[in-house]
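The primary structure of each chain is shown beneath.
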Amino acid sequence: MKERADARVWRDQALTACCMAAAAEGDPLLSTARRAALLMDCLAVLRAAHAPERAAQIGMGEFRHGLRGPLGALLPPVPGTADRFDALHLFDKHGLVRDAVQDLCREHLVPHVALERHWPWARVRAEQEERRLYEILRRLSPEEYRRARALLAEHPAGPVRQLSRAWDQLWMRFDFFEAVSDWPWCQLDGWWYPCPICHWPMRVAQHAATTDVRCEAHAARGVHYRRTPGSAGAGPPELVGTGKKATPVRGLPASTEHLALTRPVWRYGALPTLLEVDLRDQVQDLPHVTVEMYPGELRPDEYDLHITVAVPGRRTQHFRVDAKAWESVDALADALLERQPPPYPLTILLPDHQDHERHYLAARLRGRRITVTTLTRLVKRIKTACGVPR
Ligand SMILES: [Zn+2]
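Since we're looking at a predicted model, the values are computed, not measured. (Residues numbered from 1 in each chain as written. Predicted model: local features only at pLDDT ≥ 70, side-chain atom pairs only at ≥ 80, totals over all residues. Heavy atoms only, no water.)

Overview of the sheet that holds strand β13 (residues 346-350)
Threshold: Whether two strands pair depends on DSSP finding at least two bridges between them. In this description a helix means any DSSP run of H or I spanning at least four residues, a strand means any run of E spanning at least two, and both kinds are numbered starting from the N terminus. Axis angles are defined between N-to-C directions and span 0 to 180 degrees, where every axis is a line fitted to C-alpha atoms and, for a helix, only to the segment in contact.
Read from one edge to the other, the open sheet built from five strands follows the order β10-β11-β12-β13-β14, with strand pairing classed as mixed. Each edge of the open sheet is held by one strand with a lone partner, namely β10 (289-293) and β14 (370-374). Ignoring which end each strand starts from, the neighbouring axes of this sheet average 25° apart. Alignment of β13 against β14, held across five bridges, turns out to be parallel.

Quick notes on the domain arrangement of the protein
Definition in use: Each domain's extent was defined by an automatic or database domain assignment. For this analysis, residues touch if any pair of their heavy atoms sits within 4.5 Å. Buried area counts how much accessible surface, traced with a 1.4 Å probe, disappears from two parts once they are put together, with both parts' losses summed.
Domains assigned within the protein are domain 1 (2-124), domain 2 (155-261) and domain 3 (264-386). Each of domain 1 and domain 3 has a C-alpha centre, and the two are 32 Å apart. In this complex, domain 1 contributes 12 residues to the contact, which on the side of domain 3 involves 13 residues. Summing the contributions of domain 1 and of domain 3, the shared interface buries around 1000 Å²; its carbon and sulfur component is 43%. Sorting the residues of domain 1 by area buried against domain 3 places Arg 8, Arg 84 and Glu 107 first, and these three jointly supply 50% of that buried surface.

Some thoughts on the coordination of the zinc ion
Put simply, the test is: Shown as donors are all N, O and S atoms within 2.8 Å of a metal ion, widened to 3.2 Å for Na, K and Ca; because water is not in the atom set, sites may appear incomplete. All geometry calls rest on donor angles, where a four-donor set with angles between 85 and 135 degrees is tetrahedral, four- and six-donor sets with opposite donors more than 155 degrees apart and all others between 65 and 115 are square planar and octahedral, and all else is irregular. The buried label goes to any residue with under 20% of its type's maximum accessible area, the exposed label to any with over 50%, and the partly exposed label to all in between, with areas taken from a 1.4 Å probe on protein chains only.
Cys 195 (SG), Cys 198 (SG), Cys 215 (SG) and His 218 (ND1) make up the full set of protein donors to the zinc ion, lying at 2.1 to 2.4 Å. Taken together, the four donor atoms coordinating the zinc ion span angles of 105 to 116° at the metal, a pattern that classifies the geometry as tetrahedral. The sequence motif formed by the donor residues of the zinc ion is C-x2-C-x16-C-x2-H. Residue Cys 195 is located in the loop between β3 (191-192) and β4 (203-207), and its partner Cys 215 is located in the loop between β5 (210-214) and β6 (224-227); the two are separated by 20 residues in the primary sequence. An identical accessibility class is assigned to Cys 195 and Cys 215; each is buried.

Listed below in structure tokens is the structure:
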């Protein structure tokens, strides 16, 4: 058992090294010398995760080649268990680093001094950052907690004056903002573009002659754009929508006066809130359905939505819902297994694009009275429960 746990840590360490190397390969702003130094450090960390005889075989050529294929070739195996990383690709079909690589890395992070030198976030695992957020939230009164959750979803980025006005008394207590000017990945000629769904900066990706702009969380739902060819002049470059949810957006100056929630707080705070708001909006007007959001007396990390379906003459059904927007369901399973088992049946809500992973997550959580579902599935289930034709 202990051996298997050690093997998982080695595998996570190798995954950390591969994700960071991919991030370095995909960063157009890095000098050749700096990229080479980064890759050497990543390779050293990867080798240390392997048994000595295998480690000696992995050269820089194999490492860089392996990064562009399914990752299985570079990761040490864990005897007797399977995860999805053998088949994982870190680069997309255009050869660009996949959006969620940094989140994946943070979720499986094995801190290592050689890597912290290059990435200041490389010492903080996702679950620690999530816990820090929830510790701050837990100190708030129920009223302030509700307000903070709504603000995470509605005001995650923008001009500092506008943000401090919206966040009001919570502004000084919530030190989770960074200047957009420090984030080159979301800038297009000195401008940034908020996602029309989550309002957080969208990623700018250049391949060949085209420039694509997309929300990392909502591209799957059709939030993606392309820079209009030839549009150059004063003001922000114009974007044309290329997806079905790409409503018109205007660029904002990527200055020190424009702030955005840190990436972990956006991912583990704002995105689940949006998912919960979406669920609430879709079911609250259904007959026999009552929705309670952020029940005040609860510890905030237990569940945020209590949906009751009380059809006369039938047994009342309860759904206690906790939304999660982790990139890696493996890491999410580990984090959930570390908690005390809930004393009630709990529903873990995933975004629709993780539908294919719900069985895997449910299997890892077996015996815990946890149901794993997605937004669309849960809405259907509640409609069936209250007798509305779907
Ligand atoms: Zn978005």
